[in-house]
Amino acid sequence: MNPNIDRRAELAKEFDGFWKKVLNTQDSLFAQMTINDFVELKKAISCINNIVTLLVTDRFIDFLLQNHVISAEQAEKMHQDVNQTHANTNGFDIECKENVKIVAEVKCNIPVGKNTFGAAQETGIMKDIKHLYCGKTKSDINEQEIGTYYKFMVVFDSDGVKNSVQKLVYKMHNHPDYANIPIAEYEANIQLDTNTVYIAYISEIN
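Residues numbered from 1 in each chain as written. Predicted model: local features only at pLDDT ≥ 70, side-chain atom pairs only at ≥ 80, totals over all residues. Heavy atoms only, no water.

Caption draft 1: Region of interest: the sheet that holds strand S4 (residues 183–185). The strand order S1-S2-S3-S5-S4 describes an open sheet built from 5 strands, whose pairing is mixed. Every other strand in the sheet has two partners, leaving strand S1 (94–96) and S4 as the edge strands with one partner each. Taken over all neighbouring pairs, the strand axes of this sheet differ in orientation by 20° on average, direction set aside. Bridging between strand S3 (residues 150–156) and strand S5 (residues 197–202) involves 6 bridges; their strand directions are parallel. Bridging from a neighbouring strand, Phe 156 pairs with Ile 202 of S5. In this fold helix H5 (residues 72–83) packs onto S1 and strand S2 (102–107), with an angle of close to 130° to the strand it touches most, S1. (Pairing = 2+ DSSP bridges. Helix = DSSP H or I, 4+ residues; strand = E, 2+ residues; numbered from the N terminus. Axes fitted to C-alpha atoms, helices over the stretch in contact; angles between N-to-C directions. Contact = heavy atoms within 4.5 Å.)

Dropping the structure here:
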């Protein structure tokens, strides 16, 4: 035990800090909530990961439009397709088979270190990048077709993410299972290549 630690006060400060900003209130919600209230809140926000993924996916489609990769008509159709796809459907987060062929995985990982992903986070991202390059059995895009698509690993650019991704890509370039996969950060006006997996950083405001 450490007499200098006030666990309840620290948790209340963290909890109330968020809600005061969102609700524009100075009241302490922590003090007003019961254990059952917190359990109900936990149930209510269980879908938060899917919400963030959907919002970043939509922002990525707008990003493609802003960078003249796709047309307004295609962007509208992609938004519609994403919204009509269940969050837990197998395959890639984006599978656009018409016009400009786009396949993308969307990741919203928060680094466990200041500028480093955890081991499980790194493993998941590396596997997804390999699937983008080689295809995966749970997708409607087969291994022969994947080579005709523009491929994107989409990440939400929160604190420390860009450095974490760059460290991970460096590690992949030196890993025997991933070294042959061409990976590059997307840049505006770049000439896209279907043989490369592009890292697209999506921020709150592009």
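Caption draft 2: Region of interest: the pairing of S5. Within S5, 6 of the 6 residues are buried, which leaves the element mostly enclosed by the surrounding structure. Note that S4 and S5 share 3 bridges and pair parallel. Bridge pairing in S5 places Glu 185 opposite Ile 199. (Buried < 20%, exposed > 50% of the residue type's maximum accessible area, 1.4 Å probe, protein only.)

Caption draft 3: Molecular detail of the pattern of salt bridges. Counted under the stated rule, the structure contains 5 salt bridges. Between Lys 43 and Glu 40 there is a salt bridge whose closest N-O contact spans 3.6 Å. Placement of the pair is Lys 43 and Glu 40 together in helix H3 (residues 35–44), with a separation of 3 residues, close to one helical turn. For Glu 40, a relative accessible area of 48% corresponds to the partly exposed category. Put simply, Glu 122 and Lys 171 hold a salt bridge, and the shortest N to O gap is 2.7 Å. One end of the pair, Glu 122, is in helix H6 (residues 119–134); the other, Lys 171, is in helix H7 (residues 161–173), and 49 residues separate them in sequence. The buried category is assigned to Glu 122, whose relative accessible area is 9%. (Salt bridge = Lys/Arg side-chain N within 4 Å of Asp/Glu carboxyl O.)

Caption draft 4: Just the packing of helix H4 (residues 48–66) against H5, in detail. Packing of H4 against H5 brings their axes to within 9 Å, and their N-to-C directions diverge by 170°. What the angle tells us is that H4 and H5 run roughly antiparallel. Residues Leu 54, Thr 57, Asp 58, Ile 61, Asp 62, Leu 64 and Leu 65 of H4 pack against Ala 72, Ala 75, Met 78, His 79 and Val 82 of H5. Among the residues making up the contact of H4 with H5, the classes are represented as 8 nonpolar, 2 polar and 2 charged. (Parallel < 35°, antiparallel > 145°, perpendicular 65-115°, else oblique. Nonpolar A, V, L, I, M, F, W, Y, C, P; charged D, E, K, R; others polar.)

Caption draft 5: Quick look at H7. Look at H7: 18 Å from first C-alpha to last across 13 residues, which is about the 18 Å you get at 1.5 Å a residue. Looking at H7, one finds that the buried residues are Val 161, Ser 164, Val 165, Leu 168, Val 169 and Met 172. In an axial view of H7, the angular spread of the buried residues amounts to 135°, which keeps them on one side of the axis. Structurally, H7 contributes buried residues whose contacts are with H6, S3, S4 and S5. (Expected span 1.5 Å × (residues − 1). Arc of directions from axis to C-beta.)

Caption draft 6: Up close: the side chain of Gln 121. Take Gln 121: it is sitting in helix H6. Polar side-chain contacts of Gln 121 include one of 2.9 Å to the backbone oxygen of Ile 110. Within the structure, Gln 121 has its side chain in polar contact with the backbone nitrogen of Gly 118 (distance 2.8 Å). Excluding residues that lie within four positions of it along the chain, Gln 121 makes contacts with Asn 109, Ile 110, Pro 111 and Val 112. (Polar contact = N/O pair within 3.5 Å; in protein donor to acceptor, adjacent residues only side chain to side chain.)

Caption draft 7: Examining the state of the cysteines more closely. Following the criterion strictly, the structure yields 0 disulfides and no others. Of the cysteine sulfurs around Cys 47, a residue in no disulfide, the closest is that of Cys 108, at 14 Å. Note on Cys 47: relative accessible area 34%, which makes it partly exposed. Residue class for Cys 108 comes out partly exposed when judged on its relative accessible area of 25%. (Disulfide = S-S within 2.5 Å.)

Keep in mind these values describe shape, not function.
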